[in-house]
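# Notes for the structure review
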Amino acid sequence: TASCIFVLLEVSGCTAPAWAMRAYRSAMDLGLGGRFGLFARMTTTRDEIVIRELHELPESIASSSGVVATPAGDGRFWIELALPYKPGPLDRAPPTLICHMPRLDWQFWFASLQWARGSPPAWFFEFLKLLRERRGEVVHLVSHRGQSEAQRFALSRTPLDVRVTLEAYEFSDSSSDFDQLGSEWEVGRLWRRRHVRTLNSARKRSPFGR
């Protein structure tokens, strides 16, 4: 019990009492306990990868594109591509999963953790390259029934440019004073997010050809 208390306090960022630390070390020395599993340590923030593509939209689609399209001038828009089981647009409710493991969405979580500590994994750059080339098997992983017309249109065209960012997500709280959040926060009905960093397109492994 004492060693469990030590582990719980440690992963919570608290200082454990000396007696709990001694109990933990004794249990470890005797081989009576240890940390197990992928999630011995959990994060306290939610960093998500957001992919936006630059497209020219027909006026009929642009007028109803909502929060997924940001004007970029000259009839062009940055379209946010949302994976089926990631937060994505700030007004979209989280989906419900039953007997299904969304592998790409799951791997995006690990990619965001790695990027937050340094740079995204190598497979992520290859994914971006194939997505920009509109490889059918890759587009299929990103397409889903809940997408807006602007997102469906974007996936049927080759993008003019791509922007990839890491953004910190939190659930929106209607009782919060939004003025105190700061201008860096983008606030929606269900989520709020702020920019953390942008993928440097000048990297040698960049899929952008620059």
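Residues numbered from 1 in each chain as written. Predicted model: local features only at pLDDT ≥ 70, side-chain atom pairs only at ≥ 80, totals over all residues. Heavy atoms only, no water.

It is worth spelling out the layout of surface pockets at this point. Looking at the largest pocket, its volume works out to about 280 Å³. A per-element tally of the lining of the largest pocket places helix α4 (residues 103-117) first, with five residues. Per-class residue counts for the lining of the largest pocket are eight nonpolar, three polar and five charged. (1 Å grid on protein atoms, 1.4 Å probe; cavity = no way out; pocket = protein on both sides within 12 Å on 5 of 7 lines; lining within 4 Å. Points joined across faces, edges and corners; volume = space filled by probe spheres on them. Helix = DSSP H or I, 4+ residues; strand = E, 2+ residues; numbered from the N terminus. Nonpolar A, V, L, I, M, F, W, Y, C, P; charged D, E, K, R; others polar.)

Our next topic: the nonpolar core. In this structure, I49, I51, L57, F108, F127, L131 and V164 are the most contacted members of the largest nonpolar core, which totals 32 residues. Contributing elements (two or more residues each) for this core: β1 (46-56), α3 (59-62), β3 (76-81), α4, α5 (122-132), α6 (136-142), α7 (149-155) and β4 (161-171). Top element by residues in this core is α5. It accounts for six residues. Not counting residues within four places of it along the chain, the set of residues in contact with I51 comprises I79, E80, L81, F108, F127, L128, L131, V162, R163 and V164. (Core = buried A, V, L, I, M, F, W, Y, C linked by side-chain atoms within 4.5 Å. Buried < 20%, exposed > 50% of the residue type's maximum accessible area, 1.4 Å probe, protein only. Contact = heavy atoms within 4.5 Å.)

Quick look at helix α2 (residues 18-29) now. Between its first and last C-alpha, α2 extends 16 Å over twelve residues, near the 16 Å set by a 1.5 Å rise per residue. Taken as a whole, α2 has its buried residues at A20, Y24 and A27. The arc enclosing the buried residues of α2, seen along the axis, measures out at 65°, which places them on a common side. Residues of α2 that are exposed and point more than 90 degrees away from the buried face comprise R22, R25 and D29. Once α2 ends, the next one or two residues include G31, with phi positive near 70°. (Expected span 1.5 Å × (residues − 1). Arc of directions from axis to C-beta.)

With that settled, consider the environment of L160. Tracing the sequence through the fold places L160 in the loop between α7 and β4. According to the relative accessible area criterion, L160 is partly exposed, its value standing at 40%. Sequence-wise, L160 and H55 are 105 residues apart; in three dimensions their C-alpha atoms are separated by 6.0 Å.

Take unusual backbone geometry next. In the Ramachandran plot, D74 falls in the positive-phi region, its phi being about 55° despite a non-glycine side chain. Counting through the fold element by element, D74 comes out in the loop between β2 (69-73) and β3. Backbone geometry places R134, a non-glycine residue, at a positive phi of 60°. Here R134 shows up in the loop between α5 and α6.

To continue, consider the side chain of Q151. Tracing the sequence through the fold places Q151 in helix α7. Other than its neighbours up to four places away in sequence, Q151 contacts V68, I79, E80, A82 and P89.

Let us look at the sheet that holds strand β6 (residues 191-198). Spatially, six strands are ordered β2-β3-β1-β4-β6-β5 in an open sheet, and the strand pairing comes out antiparallel. Each edge of the open sheet carries a strand with a single partner, namely β2 and β5 (185-187). In this sheet, adjacent strand axes meet at a mean angle of 35° when their direction is disregarded. Summarising the sheet, β5 and β6 pair through three bridges and their orientation is antiparallel. In the strand pairing of β6, W185 is matched with R194. Of the strands in this sheet, β1, β4 and β6 touch α4, which is tilted by about 100° from β1. Against the sheet, α5 makes contact with β1, β3 and β4, and its axis sits at roughly 25° relative to β1, the strand it touches most. (Pairing = 2+ DSSP bridges. Axes fitted to C-alpha atoms, helices over the stretch in contact; angles between N-to-C directions.)

In the contact formed by α4 and α5, the axes pass within 10 Å of each other and the chain directions differ by 130°. In terms of their interaxial angle, α4 and α5 are classed as oblique. The handedness of the crossing between α4 and α5 is left-handed. Residue-level inspection shows L104, Q107, F108 and A111 of α4 in contact with α5, the latter providing W123, F124 and F127. (Parallel < 35°, antiparallel > 145°, perpendicular 65-115°, else oblique. Left-handed = near helix turned anticlockwise from the far one by under 90°.)

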